[in-house]
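Given next are the chains, with one letter for each unit.
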Amino acid sequence: MFDDLGVATLGSLFLALVPGMGMRDALVTTLLVQLGGVALTGVLSLRLPRTIA
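Okay, so let's go over this structure. (Residues numbered from 1 in each chain as written. Predicted model: local features only at pLDDT ≥ 70, side-chain atom pairs only at ≥ 80, totals over all residues. Heavy atoms only, no water.)

## Structural notes on the overall build of the protein chain
To keep it simple, the criterion reads: Each helix is a run of DSSP H or I of at least 4 residues and each strand a run of E of at least 2, with the numbering of both proceeding from the N terminus. Exposure classes here rest on a 1.4 Å probe applied to the protein chains alone. A residue is buried below 20% of its type maximum, exposed above 50%, and partly exposed in between. Here the Shrake-Rupley method, with its probe set to 1.4 Å, supplies the accessible areas, and only the displayed protein chains count as covering residues.
In terms of helices and strands, the protein chain carries 2 helices and 0 strands. The proportion of buried residues among the 53 residues of the protein chain is 6%. Element-wise, carbon and sulfur atoms account for 72% of the exposed surface of the protein chain, whose accessible area totals about 4,600 Å².

And the structure:
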């Protein structure tokens, strides 16, 4: 469910940016946003407890 939401959000972002930025810049921006989301998820996952007892 959340994967579909992420794909739709990134796709909508890309399509919204294309007219103003051009294809290449819109793609780079979208990929950077995705990379930022992955990095944020990784950093936040480090704060999770190591074990659940």
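## Re the side chain of threonine 30
Just so we agree on the cut-off: A contact between two residues is defined here by any heavy atoms of the two lying within 4.5 Å.
By the element assignment, threonine 30 lies in helix H2 (residues 23-45). Apart from the residues within four sequence positions on either side, threonine 30 is in contact with Leu10, Leu13, Phe14 and Leu17.

## Describing the pattern of salt bridges
Going by this rule: A side-chain nitrogen of Lys or Arg and a carboxyl oxygen of Asp or Glu constitute a salt bridge if their distance falls within 4 Å.
Tallying each qualifying case throughout the model produces 1 salt bridge. Note that aspartate 25 is salt-bridged to arginine 24, the shortest N-O span being 3.8 Å. What makes aspartate 25 partly exposed here is its relative accessible area of 35%.

## Considering a nonpolar patch on the surface
To keep it simple, the criterion reads: Patches here: salt-bridge-free residues with over 30% relative accessible area, like charges joined within 9 Å, nonpolar side chains (Val, Leu, Ile, Met, Phe, Trp, Tyr) joined within 5 Å.
Residues Val28, Leu32 and Leu35 make up a contiguous nonpolar surface patch of roughly 290 Å² in combined accessible area. Summarising the element assignment, leucine 35 is placed in helix H2. For leucine 35, a relative accessible area of 54% translates into the label exposed.

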